[in-house]
Amino acid sequence: MLIDLLEAFGLEPKIINILKSKYGIKLFPLQVRAFTEYHILGGGNFLVNGVTSSGKTLIGEIIALHHCTKGKRVFYLVPTKALAEEKFEQFHDDYKKVGIQTVISSRDHREYDERIVNRRFHIAVIVYEKLHSLLVVNPKLMGDVGLVLVDELQYLFDEKRGPVLEVLLTRIMLSAKQPQLVGLSAVLRKSEMLAQWLQAKTIREDKRPVELRRGVFFDGKFRYREFNNGNNGEEDWFQLKSEKEEDQYVETAKFLAEEKAEQTIIFLSDKPATETLAHRLCSVLNLPAAAGAIAEMKTLEESVSRDMLLSFLHSGVAVHNAELSREERDIIERYARKGEIRVLCTTTTLAVGLNLPMKNAIIEPLCWKYFRDTRSLSRERILVSDYKNMSGRVARYGFVSDFGRAVFITASYVDYRFYYDHYIKGPVEDMHPTLKRQEMDRHILNFIASAKRCGEDEIKFFLKRTFTGRTIWNTEMTDAAYDQIVANTVNICVKENLIIRADSGILIITELGNVVAWSGVALDTAAFFMKFLHKSDPCRVSELEILLLLSLCRDSRDQYLSLRRSETYCGGYREDIMKIIHENGEENKPLFQSLWALDHLLLDDKERAAKKTLMMEDWLSSAGTKAIEQKYQVFSGVIKRVGEDFSWLAETLAALARAVGWPEQFIMRIVRLSQRLIHGVTEKGLALSLILVHGLNRTYINRLITEGYDTPEAIANLPLTELVRLLPKCLAERLYRHFHLNYPAEEVEMLRASAAGVCEAVGFDYDGGMSNQTDTRSGGKCTVVTAPVPTAPTAPKVSSSAPATTPKTTTTTITTETTPAASDISFPHHLADILQNRGLLLALRTRLADTHDLRELIADPPTIFADERQQLFFYRGIPIKLQPACFHYLLLLAEKPKQIVSRDEIYRCLWPGPMNYDGSNKPYDRQISDHKRRCVAQIKKSITGKIEMAPGELEALIITRPKVGYMLNLRQEEVLILKAQ
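Residues numbered from 1 in each chain as written. Predicted model: local features only at pLDDT ≥ 70, side-chain atom pairs only at ≥ 80, totals over all residues. Heavy atoms only, no water.

Undergrad: Help me out: how do you make sense of the nonpolar core in this one?
TA: Soluble globular proteins tend to pack their nonpolar side chains together in the buried interior. Counting 79 residues, the largest nonpolar core has L445, I459, L463, M615, M616, W662 and L677 as its most contacted members. When residues of this core are assigned to their parent elements, the largest contribution, 12 residues, is made by helix α29 (residues 636-659). In this structure I459 touches I444, F447, I448, C454, V486 and L507, once residues within four positions along its chain are discounted. (Core = buried A, V, L, I, M, F, W, Y, C linked by side-chain atoms within 4.5 Å. Buried < 20%, exposed > 50% of the residue type's maximum accessible area, 1.4 Å probe, protein only. Helix = DSSP H or I, 4+ residues; strand = E, 2+ residues; numbered from the N terminus. Contact = heavy atoms within 4.5 Å.)

Undergrad: How should I be thinking about the pattern of salt bridges in this particular structure?
TA: Between side chains of opposite charge, a pair can form when the charged atoms approach closely. Summed over the entire model, instances satisfying the criterion amount to 63 salt bridges. The shortest N-O distance in the salt bridge between D645 and R107 comes to 3.6 Å. Here the residue D645 occupies a position in helix α29, and R107 occupies one in the loop between β3 (102-105) and α5 (113-117), the gap between them amounting to 538 residues. We classify D645 as buried; its relative accessible area is 13%. According to the relative accessible area criterion, R107 is partly exposed, its value standing at 35%. (Salt bridge = Lys/Arg side-chain N within 4 Å of Asp/Glu carboxyl O.)

Undergrad: Sorry if this is basic, but what is going on with empty space enclosed by the protein here?
TA: With a probe scaled to a water molecule rolled over the atoms, the places where space remains empty come into view. The final tally for this structure, using the stated rule, is 3 cavities of 30 Å³ or more. In this structure, the largest cavity spans a volume of roughly 60 Å³. If you trace the largest cavity, you find it lined by S551, S556, R557, D605, R608, A609 and K612. Those elements that place two or more of their residues in the lining of the largest cavity are α23 (554-557) and α27 (603-619). When residues in the lining of the largest cavity are grouped by element, the largest group, 4 residues, is from α27. Counted by class, the lining of the largest cavity contains 1 nonpolar, 2 polar and 4 charged residues. (1 Å grid on protein atoms, 1.4 Å probe; cavity = no way out; pocket = protein on both sides within 12 Å on 5 of 7 lines; lining within 4 Å. Points joined across faces, edges and corners; volume = space filled by probe spheres on them. Nonpolar A, V, L, I, M, F, W, Y, C, P; charged D, E, K, R; others polar.)

Undergrad: Please clarify how the side chain of T347 should be interpreted in this entry.
TA: If you trace the backbone, T347 turns up in the loop between β13 (343-346) and β14 (360-363). Every residue in contact with T347, bar those within four places of it in the chain, is listed here: F267, L268, D270, K271, T274, H320, N321 and A322.

So yeah, pure geometry; function would need other evidence.
Okay, here's the thing in structure tokens:
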């Protein structure tokens, strides 16, 4: 079936064209059956259970787009932040051209949360836990959602993520306006009970578009079974020389990469194993360097992990694990897709969702399992479902044309038979719900918070409707057992003032309860924080105290951080903390006094908490990232992950402090700490961290601060040459472009202006005169004056990095000294006289920045007066301080007074160029109207008490034509702009 035929099902032709460019013109069998046989676009709940690469993702994508075109919103739920980022970037880049707005939300992606709550989106890509929190803030959020799409539905049976997803799906199914619910998975076995619970039809596909040979390399041969037809076969390879598994992996990877010239991914049990094997491979492989990846990796901040990756990439090898930074992982993934990286050593971080063009997968049969109750690790065999997930990463349609391989390697006949019978021929394990009775506290509180008020019978009804309640508890638990679970949680919540039990028995959520519910922390964590807040003096709380508090809470303890054996037994981190406490004279603080008296904590828990505390203290200092990595023997990705976790906990602590009445100034200290933890910056560096420019990390922020540039305004005033001196050139240009929207044309004219100064210095004539003209760029008719540039007595330096071409629109940004004649001119003068006299205009421009009232210089100033080069703006003679984007917005309107400037023109001028998402130039739906509001507010703030305003004057200054554009409501003669030429 051709994808064009989807138009008959109501899909828009423009969207179909985008899908064809991405996926080709034909639909796979699974997709054809979903649309023609099951009529999935017509509504109803579905489980799409298809093998990897069978086309599940496209089905979900088409359903989502279909709902968007029908005026409904879509929640696209994913299990991990990495998968959320990949889906967000894909949807945003692909569908913004047809007006579909995609947003993302996870614990550390909060920039779009307000838009989600206010329903200003079409598709929201959300991590499971985050939607849980958003529904507490706004329980009616599901009101106009037409589709909830759950990717990787098998996570319902994951011990860590499963309970949250199960409770979330229960809430969705019990919502007043039930949306269509579609789950996608490749490894669901015996899904009939799940489908019955979800009231869903199952669409199954057991054939891959690209064949996969799953087998075992043993005794010189790769013996396999073909996935699609079940045929057995073998390939003659080579005789292994080594007895150790690690050496066998090296031999096999070398054979596949060099002899067969094929890309290979190697799944290993842990991070150290990936690095060790990559080192070994680099010493034996003869592959070309991944040049593109190396060039891009060098632009990242200096770190141990970056240096390690660079050493691997020179041999065409890379590693990928959860301890790398997001930027490092992104480079590795992209250049693996491009084919530069020939061998990739990874953990299971790449086994979910991400698409790579690998031909072969070598799979280690063991993995580490973390036991939360004892905080311990144990080596266990991987599950068959894990094996199928990892093997599904290879032979992806569109990347590999013939077949792929999933390979176990062994020199033992016994292991060969076990791997073949258990993993190659064996079925996926039965999956069981993971919702546990003893961990119901946060889920019950979340339910009460969403309902705002409810009875215990309603909670019990909800628990019975969960998947666990329908399949396990219905036979294991009596009504009395349900009552006991609910009563225990309710009693704890009442004791901690999270809920109130009314005389009628109705449970009512408190402000504290709302905070705990939306934050998603455990009740133990909330109680721990509340005890601290009640016992501590806000005036004396230190940063170290808060960091230790965050480290010791239950939610932090559940986040694993590796400890070397020597770290566990020597107690060095705890001693270091006690030394700092003693030096600061804080021994008497309750938290520090109880530090070693926490008998319920294991020794490892205490040492791990101390390590996190000290690591975060260094992270918030000016210490280099590489030095922190070396000190704590972890990669930057781990440090950033702990910082993100602490940021979430600090945000919760601040909200609880506000709820119990702490003074606002101390609450804001915690809020700023939460923001600093994300970026790893000092208090002084916080302002620069809010400049959302890709690559502006803590290393470069600290470098700018050291040089004295510690505010966004200071950065905005820096010339490009100074930024290039301090930062990598590509980052310097991105940062300069953030503040100078017409770069690079501006820099070209800087060079020309500098050259003009040289000409005047040596006696050559340079035409720097002024002229009245119409601004041909904007097509406007206001008075536009090309002002002369003051010439310097000495020749300024010329940047060798400036472009050699000349733009159509000339601009000048150099700052030079004025001549005595210009500085001796007295003011005020009439505007007409100034515009006709080059000396007067020159003198005016040199004094604009220091004037407090334009009427001191111009006897009859216009209503709006602007100097584009100096970014100075005056309203009725009063200087108005504006951010660069607001200045350019007003300038754009001022160039066409009494004319509508369309939204598209404003977008093109304020956010030019391709919208590659880096957070700095990404306009959102109401950003123009936000600029209007900020501009009017700033004008009002600046002129209040200085001049009298007519009623409604500022409200009528900028007229909005809904969905069309904006107009400056002034006459032509009321506006004057000094252009930068």
